[in-house]
Amino acid sequence: MTSRSSIAIINAYVVPVAAAPIENGTVLVEDGVITAVGTDVTVPDGVPTLDARGRHVLPGFVEAHAHIGTHEEGEGWAGNDTNEMTHPDGSALRALDGINIEDEGFRDALLGGVTSAVIKPGSGNPIGGQTVAIKTWGGRTVDEQIISESVSVKSALGENPKRVYGDKKQLPSTRLGVANVIRKAFVDAQNYVAKRDAAAAEGKPFDRDLGKETLARVLAGELVWDQHVHRADDIATALRLQAEFGYRLVINHGTEGAFLADVLAEKDVPVIFGPLFTSRSKVELRHRAIVNLGILAAAGVRVAITTDHPVVPINFLVHQASLAVKEGLDPQVALEALTTNPAAFLGLDDRVGALAPGLDGDVVVWSGDPLDVNSRAEHVFITGTEVFTWDAAAGNGRGRGVVAERMERFA
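Residues numbered from 1 in each chain as written. Predicted model: local features only at pLDDT ≥ 70, side-chain atom pairs only at ≥ 80, totals over all residues. Heavy atoms only, no water.

In terms of helices and strands, the protein carries 11 helices and 19 strands. Its C-alpha atoms give the protein a radius of gyration of 22 Å, near enough to 22 Å, the size a compact globule of 411 residues would have. Projected onto the principal axes, the alpha-carbon positions of the protein cover approximately 60 × 50 × 40 Å. Buried positions account for 56% of the 411 residues belonging to the protein. Residue pairs at least 24 apart in sequence account for 67% of intrachain contacts in the protein once pairs closer than 6 positions are excluded. Of the accessible surface of the protein, which amounts to about 16500 Å², a share of 49% is contributed by carbon and sulfur atoms. With 38 positive and 54 negative side-chain charges, the protein shows a spacing of 7 Å between the two charge centroids. (Helix = DSSP H or I, 4+ residues; strand = E, 2+ residues; numbered from the N terminus. Rg over C-alpha atoms; globule rule 2.2 N^0.38 Å. Buried < 20%, exposed > 50% of the residue type's maximum accessible area, 1.4 Å probe, protein only. Contact = heavy atoms within 4.5 Å. Areas by Shrake-Rupley, 256 points an atom, 1.4 Å probe, with all protein chains shown as cover. Lys, Arg positive; Asp, Glu negative; His and termini not counted. Charge placed at Lys NZ, Arg CZ, Asp CG, Glu CD.)

Encoded structure:
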């Protein structure tokens, strides 16, 4: 398991996100769990304290859509396990089985105050596979960093699967074909569930199918359907498929989501928006604009922000939020888009996303308002253990982030 420690961060400007900010506040973490947040907090004997006077203290950020560990930086094909592009239906696949926790991206996450990430398969397949939510640091193996395996299944509409399988001259080479693969997979899963349940009722043996078992969990509402989609017409297809099969839908990317903001708000379909720091590298991105995030939020859509790491380095997650504020996003919503929102609509809010008693002690001390591009994460705690510290004196006075490496903590 990740290391669990106790710490009291005192005299801070505490921003719980889910509640009003607190002047001269304290965040108390005991045995890895937040036990108190406020101004009148008694720190038990023996609990170390960190004086954060003049600093902002927030929950660790949640990256809602990343490929850290599966698309390793600087490793080329040897470290790229995001897409198993040999069959369009990857429902039996799991991102968990391809994560290398020594990927440099995890260290970058700490630099940017990101303590949780949902790791997803890529978008080369109509159905990419199951996602997993993990801490960005803390274990000897990825299994010790898991927050939840029951998060979502990644799916893709639009250019990516159409291009991948069109190049192979096989289904799906069109948008019609992509939608057909998804619909057929769900119909097969419905038939599978009926046969499975009938066999169970009759006490007969039944052969399990890993992919259909996963899709059955989507149909039962246990797993979210994470839909990679950019264009408005593809978003309409995503909504059409949801209406047919009744699963919990979360739009990922949503580049043209602003065109359907009122519809998404009415149907309460959340959007994980981004990445924001990219060029218009393909047709689907011709209407890419940071301002679209503010338009979605203003319409009442629940939003999160993603770097899609390594498309944009994960430590720039907060800077994307800052520029979204510059382009009209409400600052409070920007913070929610990094914390409470992704935690809520991906089912992680019983563990992460806010500073509140009972949640994990994932706490970040910032030099100032994190939405100010001049602010930096100075101390990062995961379940109460300090895993990152900014050393201002290092590098001949230029400063350097210091990560508590695994070999140091588990020697």
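Back to the write-up after that little detour.
Another aspect to go through is the packing of aromatic side chains. Tallied over the full model, the rule gives 6 aromatic pairs. Ring-pair connections join several aromatic residues into one group, and the members of that group are Phe186, Trp225, Phe245 and Tyr247. Sitting over the ring of tryptophan 390, arginine 376 keeps its end group 3.7 Å from the ring centre. (Phe/Tyr/Trp six-rings, centres within 6.5 Å; stacked < 30°, edge-to-face > 60°. Lys NZ or Arg CZ within 6 Å of the ring centre and 35° of its normal.)

Below, the discussion takes up a nonpolar patch on the surface. Residues Phe277, Phe316 and Leu323 make up a contiguous nonpolar surface patch of about 220 Å² in total accessible area. Structurally, the position occupied by leucine 323 is in helix α8 (residues 317-326). Residue leucine 323 is classed as partly exposed on the basis of its relative accessible area, which comes to 33%. (Patch = residues over 30% accessible without salt bridge, like charges linked within 9 Å, V, L, I, M, F, W, Y side chains within 5 Å. Salt bridge = Lys/Arg side-chain N within 4 Å of Asp/Glu carboxyl O.)

This paragraph deals with the sheet that holds strand β7 (residues 114-119). Strand pairing in a sheet relies on backbone hydrogen bonds, with the paired strands running either antiparallel or parallel. Taken together, the 4 strands give an open sheet; going across it, the order is β6-β7-β9-β10, and neighbouring strands pair in mixed fashion. Either end of the sheet is taken by a strand with one partner, and the two such strands are β6 (61-66) and β10 (146-148). Averaged over all adjacent pairs, the angle separating strand axes in this sheet is 30°, with direction ignored. Summarising the sheet, strand β9 (residues 132-135) and β10 pair through 2 bridges and their orientation is antiparallel. Directly across from alanine 133, in β10, lies its bridge partner serine 148. (Pairing = 2+ DSSP bridges. Axes fitted to C-alpha atoms, helices over the stretch in contact; angles between N-to-C directions.)

Attention shifts here to the layout of surface pockets. Taken as a whole, the largest pocket holds about 560 Å³ of empty space. Ser123, Asn160, Lys282, Asp308 and Val311 are, among the 33 residues lining the largest pocket, the residues nearest its centre. Ranked by the residues each element gives to the lining of the largest pocket, the list is headed by helix α2 (residues 159-167), at 3 residues. (1 Å grid on protein atoms, 1.4 Å probe; cavity = no way out; pocket = protein on both sides within 12 Å on 5 of 7 lines; lining within 4 Å. Points joined across faces, edges and corners; volume = space filled by probe spheres on them.)

The next thing to look at is α8. Along α8, the positions that sit buried rather than exposed are Leu317, Val318, Gln320, Ala321, Ser322 and Ala324. Elements that come into contact with the buried residues of α8 comprise β6, β7, α7 (291-298), β15 (303-305), α9 (331-338) and β16 (363-366). Immediately downstream of α8, the backbone of glycine 328 shows phi near 115°, a positive value.

Now for α7. For α7, the complete set of buried residues consists of Asn292, Leu293, Gly294, Leu296 and Ala297. On its buried side, α7 packs onto α6 (261-266), β14 (271-273), β15, α8 and α9.

In helix packing, the relevant descriptors are the interaxial angle and the interaxial distance, both defined with respect to the helix axes. One can describe the packing of helix α3 (residues 175-202) onto helix α5 (residues 232-245) by two numbers: an axis separation of 11 Å at closest approach and a directional angle of 15°. Considered as vectors, α3 and α5 are oriented roughly parallel to each other. In this structure, α3 meets α5 at a crossing whose hand is right-handed. Only Asp233, Asp234, Thr237, Leu241, Glu244 and Phe245 of α5 make contact with α3, whose side of the interface consists of Arg175, Ala179, Ile182, Arg183, Phe186, Val187 and Gln190. Counted by class, the contact of α3 with α5 contains 6 nonpolar, 2 polar and 5 charged residues. (Parallel < 35°, antiparallel > 145°, perpendicular 65-115°, else oblique. Left-handed = near helix turned anticlockwise from the far one by under 90°. Nonpolar A, V, L, I, M, F, W, Y, C, P; charged D, E, K, R; others polar.)

Another point: empty space enclosed by the protein. Across all of its chains, the model carries 1 cavity of 30 Å³ or more by this definition. Computed from the structure, the largest cavity encloses a volume of approximately 40 Å³. Lining the largest cavity, in full, are Arg94, Ala95, Leu96, Gln130, Thr131, Val132 and Glu149. A class-by-class count of the residues in the lining of the largest cavity yields 3 nonpolar, 2 polar and 2 charged.

Another point: the pairing of strand β18 (residues 385-391). In this structure, strand β17 (residues 377-382) lies alongside β18, joined through 4 bridges in antiparallel fashion. Among the inter-strand pairings, isoleucine 382 is bridged to a residue of β18, identified as threonine 385. In sequence, β17 turns back onto β18 through a hairpin of 2 residues, with threonine 383 there showing a positive phi of about 45°. As judged from the 4 bridges shared by β18 and strand β19 (residues 400-403), these two strands associate in the antiparallel manner. Bridge assignment links tryptophan 390 to a residue of β19, and that residue is glycine 401.

Excluding glycine, most residues fall at negative phi; most peptide bonds, likewise, are trans. Glycine 274 connects to proline 275 through a cis peptide bond whose omega is 0°. One can find proline 275 in the loop between β14 and α7. Here histidine 309 and proline 310 are connected by a cis peptide whose omega angle stands at 15°. Along the chain, proline 310 turns up in the loop between β15 and α8. For asparagine 11, which is not glycine, the phi dihedral falls at a positive 60°. Within the element layout of this structure, asparagine 11 appears in strand β1 (residues 7-14). The phi angle at valine 17 is positive, at roughly 75°, despite the residue not being glycine. Within the element layout of this structure, valine 17 appears in the loop between β1 and β2 (22-30).

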